[in-house]
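One letter stands for each residue in the lines below.
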Amino acid sequence: MRAEAQIDYIDQINHAVNHIQGVHSEPIEIGIILGTGLGQLIQNIEVEHEIPYEEIPFFPVSTVESHKGRLVIGRLSGKKVMAMQGRFHYYEGYSMREVTFPVRVMKKVGIETLIVSNAAGGLHPDYKVGDLMILNDHIDLFPENPLRGKNLDVFGVRFPDMSEPYTQRLIALAKTIAADQNIDVNEGVYAAVQGPNLETKAEYRYLRTIGADAVGMSTIPEVIVGLHMNMEIFAISAITDLCSPGNIKKVSIAEVLAAAAIAEPKMSTVIRELVREL
Ligand code: HPA
């Protein structure tokens, strides 16, 4: 029974890969996952193909209105990329295997470098709304792990190393790019919770105490699966609300999206130029 379930999942991945390669047969170098309200980067891509998620066999379908669910394949800064416009969140009800299905598919179409963006609450007292934070580490507080269950040996080892989840070389490159472009960037630790509710003041205090600089509800599952497959990973947060003591106020999704819009041009520039340098 267990073995069958594993074969099923790998079969599903293969079906999705075959579909994508039927549309676009060339290898793809870089995968990009666009977070909440950060889809503008797409405008920098010379689009060759757009594939709605519902056309891809076994691909989950996004339920969040602020996310358009499609794969965009094309050239960004001269490199062949595949961008996910719309990601899958655990809080929507997907299993971790569903949340990370697209990352497995990315690896099988040749992608070795994964770039991930998200919207996050700022825990570091110096962060401001609209700031960027490059992830240099993370704290996984999800109640489920995407690697739980029989290991998928074809992809990676049972106990993948997490000592450098975010590739130092890419962090250094991005910081140089940001400095050249006069864009302020922070570097810090991202904690992920399952959501969908935002945190209480006591929870924000706790997250700060355990060493987090920002908190969100995504990214870590995809990063874990990417690391399982030995991908190089770069991730960046747009700080959309402040969660440090004295700065906490009621936030609405509208405010989160408005703040993401402030960060968006800066984030797009950093990612566009990072892709050029890869
Ligand atoms: N908490 C969790 N996730 C978030 C937040 C937050 O304050 N802001 C944006 N995503």
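Residues numbered from 1 in each chain as written. Predicted model: local features only at pLDDT ≥ 70, side-chain atom pairs only at ≥ 80, totals over all residues. Heavy atoms only, no water.

### What about the overall build of the chain?
This is how the line gets drawn: Per the convention used, a helix needs a DSSP run of H or I reaching at least four residues, while a strand needs a run of E reaching at least two, with both numbered from the N terminus. Put simply, the radius of gyration uses C-alpha atoms, and a globule should come to 2.2 Å times the residue count raised to 0.38. Should any heavy atoms of two residues lie within 4.5 Å, those residues are considered in contact. The Shrake-Rupley method, run with a 1.4 Å probe, gives the accessible areas here. Residue values count only the displayed protein chains as cover. When charges are counted, neither His nor the chain ends are considered; positive counts come from Lys and Arg and negative counts from Asp and Glu. Lys charges are placed at NZ, Arg charges at CZ, Asp charges at CG and Glu charges at CD.
If you tally the helices and strands in the chain, you get seven helices and nine strands. Relative to its length of 278 residues, the chain is compact, with a C-alpha radius of gyration of 18 Å against a globular reference of 19 Å. Projected onto its principal axes, the C-alpha positions of the chain cover 50 × 45 × 35 Å. Long-range pairs, those at least 24 residues apart, make up 83% of the contacts in the chain with a sequence separation of at least 6. Accessible area of the chain: about 12,200 Å², with a carbon and sulfur share of 50%. Within the chain, one finds 25 positive and 35 negative side-chain charges whose respective centroids are separated by 2 Å.

### Digging into the site of the ligand
For clarity, the threshold we go by: Think of it this way: one heavy atom of a residue within 4 Å of a molecule or strand is enough to make that residue near it. Under the rule applied, a polar contact is a pair of N or O atoms within 3.5 Å (in protein, one hydrogen donor and one hydrogen acceptor; residues adjacent in sequence only if both atoms are side-chain atoms). Using a 1 Å grid laid over the protein atoms alone, points where a 1.4 Å probe fits but cannot get out form a cavity; open sets with protein on both sides within 12 Å along at least 5 of 7 lines form a pocket; any residue with an atom within 4 Å of a point counts as lining. By definition, a pocket or cavity contains a molecule when more than half of the molecule's atoms lie within 2 Å of the pocket's grid points. Only Asp, Glu, Lys and Arg are considered charged, only Ala, Val, Leu, Ile, Met, Phe, Trp, Tyr, Cys and Pro nonpolar, and every remaining residue, Gly among them, polar.
Close contacts around the ligand come from Ala119, Ala120, Gly121, Leu198, Glu199, Tyr204, Val215, Gly216, Met217, Thr240, Asp241 and Cys243, and that covers them all. Contacts to the ligand include Glu199, whose side-chain N or O atom sits 2.6 Å from a nitrogen atom. Expressed as a share of its isolated accessible area of 260 Å², the protein-covered part of the ligand is 94%. Comparing atom positions with the cavity grids shows the ligand to sit within the largest pocket. Elements represented by at least two residues in the shell around the ligand include exactly β5 (113-122), β8 (214-216) and β9 (232-242). Here the shell around the ligand takes three residues from β5, the largest share from any one element. A per-class count over the shell around the ligand returns seven nonpolar, three polar and two charged.

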